[in-house]
Amino acid sequence: MMTAGIDISTSEWRTVLMESDGHIAGSFRIPTINRPPAEISRDLATFFSGRNGKKMDVVLGVGGKGVVLRHLVLPRLERADLLGVAGSELASQMNCSIDNSLFDCSVIEDFEQDGISKVRVLAVSADRDGIVAAIETIGAGGGEVRAVEPAAFALLRYADIMEKPAAGRFWVQLHENVISVGVTADGRIIFWRDVHQDTSLIGESGARSQAAREQIVSEVMQSYDFFSTKHHQIVIDQAILLSSFMAGGSLRESLAPALELAMEDENPFVRLGASPNEYPETDRAGTSAYVVAAGLAMRVLRS
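All figures in this text were calculated on a predicted structure; none of them were measured in a lab.

## Digging into the sheet that holds strand S8 (residues 143–150)
1) Next: In spatial order, the strands read S3-S2-S1-S4-S8; together these five strands make up an open sheet with mixed pairing. In this open sheet, the two strands that pair with only one neighbour each are strand S3 (24–31) and S8. Across the sheet, the mean angle from the axis of one strand to that of its neighbour is 20°, orientation sign disregarded.
2) Next: Here strand S2 (residues 12–19) pairs with S3 via seven bridges, running antiparallel. Residue pairing across strands places Val-16 opposite Ser-27, the latter belonging to S3.
3) Next: Strands strand S1 (2–8), S2, S3, strand S4 (56–62) and S8 of the sheet are contacted by helix H1 (residues 37–48), whose axis makes an angle of about 165° with S3.
4) Next: Lying on the sheet, helix H3 (residues 128–140) is in contact with S1, S2, S4 and S8; it crosses S8 at an angle near 150°.

See below:
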């Protein structure tokens, strides 16, 4: 059995195909800007071919613009009830309709407060219409979406296969106009924040690119300092930058000394034992951008 993890964004869809034993069987990137859904479906059909008439199982990931994450404190409930309460609370904070959004949540911490059992969760809301449109495009291309989940949850799943650190990991993920900053430790998402920031200029050269990198470093450091203040008991001993931009290397060189951490370049294809011909063809230097897609595909290993 093979599963595809598709990490969608406004400019491209990154996909990792994974065998049931956890090995990567292939990867591809589909550009989406100014392209009708029918063209994207045809590209998917090409990559999904050879399934003997069967639909490709797909786990769809959403992140970046159009996705909202909030930390909430809620009563300890069964999963279905907890999700309902988290969705209502998040919709209330965002002043939006529950019917127009999809919700999910991940428990960060269980604790007692005034004799009442409570949980701290990371709640996520995503635009329903955009997800439904993506599901229809995937279906026309020969795929069947089995699950939809936030990119942050996929990163948490992926982190489980990495060497266990003494403490936590600090993640920095660049989307087109959003910087996602998060911390995972002990199998949980301890902290997550999305910062709206234009990241397109870092791929250019000259003063504009330098100014963009400095702004991104500043935003990341604000999130890092905020986390350190609120969770001083958790020591971060590893930082990872996930970026499909060619300028990711120079950004990594700027972030590492600011964070005073080694900024590592995670390669899911090496981690999961893929052969070189299964690396993405379009940008072999940007393999870290496929970590989310790999984490999505790995969901089938836990089902």
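The discussion continues.
## Quick word on the pattern of salt bridges
1) Next: Inspection of the entire model under this criterion finds 12 salt bridges.
2) Next: Put simply, Asp-110 and Arg-76 hold a salt bridge, and the shortest N to O gap is 3.4 Å. Of this pair, Asp-110 sits in strand S6 (residues 101–113) while Arg-76 sits in the loop between strand S5 (67–75) and helix H2 (79–94), placing them 34 residues apart in sequence.
3) Next: Since its relative accessible area comes to 48%, Asp-110 is described here as partly exposed.
4) Next: Residue Arg-76 is classed as partly exposed on the basis of its relative accessible area, which comes to 40%.
5) Next: One salt bridge in this structure joins Arg-299 and Glu-149, with 2.8 Å as the shortest N-O distance. Note that Arg-299 is positioned in helix H9 (residues 299–302) and Glu-149 in strand S8, a separation of 150 residues in sequence.
6) Next: On the basis of relative accessible area, Arg-299 is assigned to the partly exposed category, the value being 33%.
7) Next: Through salt bridges with shared partners, a single network forms among Asp-7, Glu-12, Arg-14 and Arg-29.

## Things to note about the packing of H1 against H3
1) Next: Taken N-terminus to C-terminus, the directions of H1 and H3 make an angle of 50°; their axes are 7 Å apart at the nearest point. Considering the angle they form, H1 stands oblique to H3. For the crossing formed where H1 meets H3, the hand is right-handed. Touching Pro-37, Ile-40, Ser-41 and Leu-44 of H1 are Thr-137, Ile-138 and Ala-140, all from H3.
2) Next: Partitioned by chemical class, the residues of the contact of H1 with H3 number five nonpolar, two polar and no charged.

## So, the sheet that holds S6
Each strand in a sheet pairs with its neighbour through backbone hydrogen bonds, running either in the same direction (parallel) or in the opposite one (antiparallel).
1) Next: The strand order S5-S7-S6 describes an open sheet built from three strands, whose pairing is antiparallel. Every other strand in the sheet has two partners, leaving S5 and S6 as the edge strands with one partner each. Averaged over all pairs of adjacent strands, the angle between their axes in this sheet comes to 20°, without regard to strand direction.
2) Next: As paired strands, S5 and strand S7 (residues 116–127) are joined by nine bridges and run antiparallel to one another. When the bridges of S7 are listed, Val-67 appears paired with Ala-126.
3) Next: In this fold H3 packs onto S6 and S7, with an angle of close to 65° to the strand it touches most, S7.
4) Next: Helix-sheet contacts for helix H4 (residues 151–159) involve S5, S6 and S7, and the interaxial angle to S6 is about 55°.

## Thoughts on unusual backbone geometry
1) Next: Even without being a glycine, Asp-114 presents a positive backbone phi close to 55°.
2) Next: With respect to the helices and strands, Asp-114 occurs in the loop between S6 and S7.
3) Next: In this structure, Glu-260 is a non-glycine residue whose phi angle is positive, near 60°.
4) Next: Examined against the element boundaries, Glu-260 turns out to sit in the loop between helix H6 (248–259) and strand S13 (263–264).
5) Next: For Glu-260, a relative accessible area of 72% corresponds to the exposed category.

## Some points on H1
1) Next: For H1, built from 12 residues, the straight-helix expectation of 16 Å at 1.5 Å per residue is met to within 8% by its first-to-last C-alpha distance of 16 Å.
2) Next: Listed in full, the buried residues belonging to H1 are Ile-40, Ser-41, Leu-44 and Phe-48. Buried residues of H1, seen end-on, are gathered within an arc of 100° and therefore sit on one face of the element. Facing away from the buried side of H1 by over 90 degrees, the exposed positions are Arg-42 and Thr-46.
3) Next: Contact partners of the buried residues in H1: S1, S2, S3, S4, H3 and S8.

Each value, and the rule that gives it
- Residues numbered from 1 in each chain as written.
- Predicted model: local features only at pLDDT ≥ 70, side-chain atom pairs only at ≥ 80, totals over all residues.
- Heavy atoms only, no water.
- Pairing = 2+ DSSP bridges.
- Helix = DSSP H or I, 4+ residues; strand = E, 2+ residues; numbered from the N terminus.
- Axes fitted to C-alpha atoms, helices over the stretch in contact; angles between N-to-C directions.
- Contact = heavy atoms within 4.5 Å.
- Salt bridge = Lys/Arg side-chain N within 4 Å of Asp/Glu carboxyl O.
- Buried < 20%, exposed > 50% of the residue type's maximum accessible area, 1.4 Å probe, protein only.
- Parallel < 35°, antiparallel > 145°, perpendicular 65-115°, else oblique.
- Left-handed = near helix turned anticlockwise from the far one by under 90°.
- Nonpolar A, V, L, I, M, F, W, Y, C, P; charged D, E, K, R; others polar.
- Expected span 1.5 Å × (residues − 1).
- Arc of directions from axis to C-beta.

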